[in-house]
Amino acid sequence: MEVKMEESWKKVLEDEFQKTYFNQIVTFLKVEKAQEKIIYPPGNLIFNAFNKTPFNKVKVVLLGQDPYHGKGQAHGLSFSVQAGIKPPPSLVNIFKELQQDIGLQIPTTGDLTKWTEQGVLLLNAVLTVRAGEPASHSKVGWTNFTDAVITKISAEKTGVVFLLWGKYAQEKQVLIDETKHFVLKAAHPSPYSADKGFFGCKHFSKTNELLMKQGLDPIDWALQ
């Protein structure tokens, strides 16, 4: 099937689009739509992370779990919400750590698109969700696809910084070749766990140190 995605990713992932599991995802989403289920993010934003951060530009991968399930929130970027939408609690905690770590003023927007344009792949492990039902699409095959994404990055690139926050993200560590990439782990920024090792992790400054050691531009984490 024809997948609308940025060309460099399309080339890297072309084998995945032919696999049975991917066709099953497509069929599942068509059935959901036919049953008039509301799916987030909107169809044109499902692959937003890939369209905003081409494969050859990826320097950092920030792995999330599944999209926000509230109206107008999800736009295909992990932890990010669309402009004008109040930042959810996990994102508020990310901003608090940003302030503690590098002294940035807490942003008024929860839209992290600016990070993606600098090489931060904001990848959710699951790319769709039914409105109001968290993890409702977690078993439809998306993790096969995003595991392949992580594996491809690991195999074909070097020096990428992977940010794995929380147990779920850290289970993906086995897909990453740590002889050629960097893995930074911390607790999840959720209010339930942020004080168990997310606050004080300094991942934003550490990421930039790792990038600069390779002669790469650091990420400007400021959003305004």
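Everything below is about the structure shown above.
Residues numbered from 1 in each chain as written. Predicted model: local features only at pLDDT ≥ 70, side-chain atom pairs only at ≥ 80, totals over all residues. Heavy atoms only, no water.

S.K.: Any chance you could explain the overall build of the protein here in plain terms?
M.R.: Counting secondary structure elements, the protein contains eight helices and six strands. Written out in order from the N terminus, the α and β elements of the protein read α-α-β-α-β-α-α-β-β-α-β-α-β-α. Computed over the C-alpha atoms, the radius of gyration of the protein is 17 Å, within 12% of the 17 Å expected from 2.2 N^0.38 for a compact globule of 224 residues. In terms of overall dimensions, the protein has C-alpha extents of about 50 × 35 × 30 Å along its principal axes. Buried positions account for 54% of the 224 residues belonging to the protein. Contacts in the protein between residues at least 24 apart in sequence constitute 67% of all its contacts with a sequence separation of at least 6. (Helix = DSSP H or I, 4+ residues; strand = E, 2+ residues; numbered from the N terminus. Rg over C-alpha atoms; globule rule 2.2 N^0.38 Å. Buried < 20%, exposed > 50% of the residue type's maximum accessible area, 1.4 Å probe, protein only. Contact = heavy atoms within 4.5 Å.)

S.K.: What's the story with the packing of aromatic side chains in this structure? I'm lost.
M.R.: The geometry of an aromatic ring pair is captured by the separation of the ring centres together with the interplanar angle, meaning the angle of the planes. Per the stated rule, a full pass over the model turns up 19 aromatic pairs. Considering the side-chain rings of Trp9 and Phe55, the 5.1 Å spacing of their centres and the 80° angle between planes classify their relative orientation as edge-to-face. Of the two residues, Trp9 is situated in helix H1 (residues 7-17) and Phe55 in the loop between helix H3 (48-52) and strand S2 (60-64); the sequence distance between them amounts to 46 residues. For Trp9, a relative accessible area of 0% corresponds to the buried category. An aromatic cluster of three or more residues is present, and its members are Trp9, Phe17, Tyr21, Phe22, Phe47, Phe50, Phe55, Trp142 and Phe145. Positioned above the aromatic ring of Phe55 is the side chain of Lys157, whose terminal nitrogen or guanidinium carbon lies 5.1 Å from the ring centre. (Phe/Tyr/Trp six-rings, centres within 6.5 Å; stacked < 30°, edge-to-face > 60°. Lys NZ or Arg CZ within 6 Å of the ring centre and 35° of its normal.)

S.K.: What should I look at first to understand the layout of surface pockets in this one?
M.R.: The gaps of empty space that remain are located by a probe, the size of a water molecule, rolled over the atoms. In this structure, the largest pocket occupies an estimated 580 Å³ of space. Element by element, the count of residues in the lining of the largest pocket is highest for helix H2 (residues 20-34), at six residues. Tallied by class, the residues present in the lining of the largest pocket amount to 12 nonpolar, four polar and five charged. Volume-wise, the second largest pocket comes out at about 380 Å³. As for the second largest pocket, its lining consists of 21 residues, and the residues nearest its centre are Gln65, Asp66, Pro67, Tyr68 and His188. In terms of residue class, the lining of the second largest pocket is built from 11 nonpolar, nine polar and one charged. (1 Å grid on protein atoms, 1.4 Å probe; cavity = no way out; pocket = protein on both sides within 12 Å on 5 of 7 lines; lining within 4 Å. Points joined across faces, edges and corners; volume = space filled by probe spheres on them. Nonpolar A, V, L, I, M, F, W, Y, C, P; charged D, E, K, R; others polar.)

S.K.: Can you walk me through the sheet that holds S2 in this structure?
M.R.: As a general point, the strands of a sheet are linked pairwise by backbone hydrogen bonds and lie either parallel or antiparallel. Strand order in this open sheet of four strands is S3-S2-S5-S6, and the pairing throughout is parallel. A single partner strand is all that each edge strand has here, and the edge strands are strand S3 (120-124) and strand S6 (182-186). Here the average twist between neighbouring strands, direction ignored, is 20°. (Pairing = 2+ DSSP bridges. Axes fitted to C-alpha atoms, helices over the stretch in contact; angles between N-to-C directions.)

S.K.: Help me understand the nonpolar core, please; the structure alone is not making it clear to me.
M.R.: Nonpolar side chains in soluble globular proteins tend to end up buried together. In this structure, Trp9, Phe22, Phe47, Phe50, Trp115, Trp142 and Phe145 are the most contacted members of the largest nonpolar core, which totals 67 residues. Other than its neighbours up to four places away in sequence, Trp142 contacts Phe22, Ile25, Leu29, Ile46, Phe47, Ala125, Val126, Leu127, Thr128 and His137. (Core = buried A, V, L, I, M, F, W, Y, C linked by side-chain atoms within 4.5 Å.)

S.K.: Looking at this model, I keep getting lost on the pairing of S2. Mind explaining?
M.R.: Successive residues of a regular strand alternate their side chains across the two faces of the sheet. Extensive coverage of S2 is indicated by the burial of five of its five residues. By the alternation rule, side chains of S2 split into Val60, Leu62 and Gly64 and Val61 and Leu63, which are all buried. Inspection of the sheet shows S2 paired to S3 by five bridges, in the parallel sense. In the sheet register, Leu63 faces S3, and the bridge partner there is Leu123. Looking at chain direction, S2 and strand S5 (residues 161-165) are connected through four bridges and run parallel. Residue pairing across strands places Leu63 opposite Leu164, the latter belonging to S5.

S.K.: Hey, could you run me through empty space enclosed by the protein in this one?
M.R.: In this structure the tally under the stated criterion is one cavity of 30 Å³ or more. Approximately 40 Å³ is the volume attributed to the largest cavity. Around the largest cavity, the lining residues are Leu63, Gly64, Gln65, Phe79, Trp165, Tyr168, Ala169 and His188.

S.K.: Even after reading the chapter, I still don't get the packing of H2 against helix H6 (residues 142-156), so can you show me in this structure?
M.R.: Think of two packed helices as two axes; the pair is described by the angle between the axes and how far apart they sit. Close contact between H2 and H6 brings their axes to 9 Å; oriented N to C, the two are set at 135°. Judged by the angle between their axes, H2 and H6 are oblique. Seen from above, H2 lies across H6 with left-handed handedness. Taking contact as the criterion, the partners of Tyr21, Phe22, Ile25 and Leu29 in H2 are, on H6, Trp142, Asn144 and Phe145. Across the contact of H2 with H6, the residue classes break down as six nonpolar, one polar and no charged. (Parallel < 35°, antiparallel > 145°, perpendicular 65-115°, else oblique. Left-handed = near helix turned anticlockwise from the far one by under 90°.)

Honestly, it's all geometry; don't read function into it.
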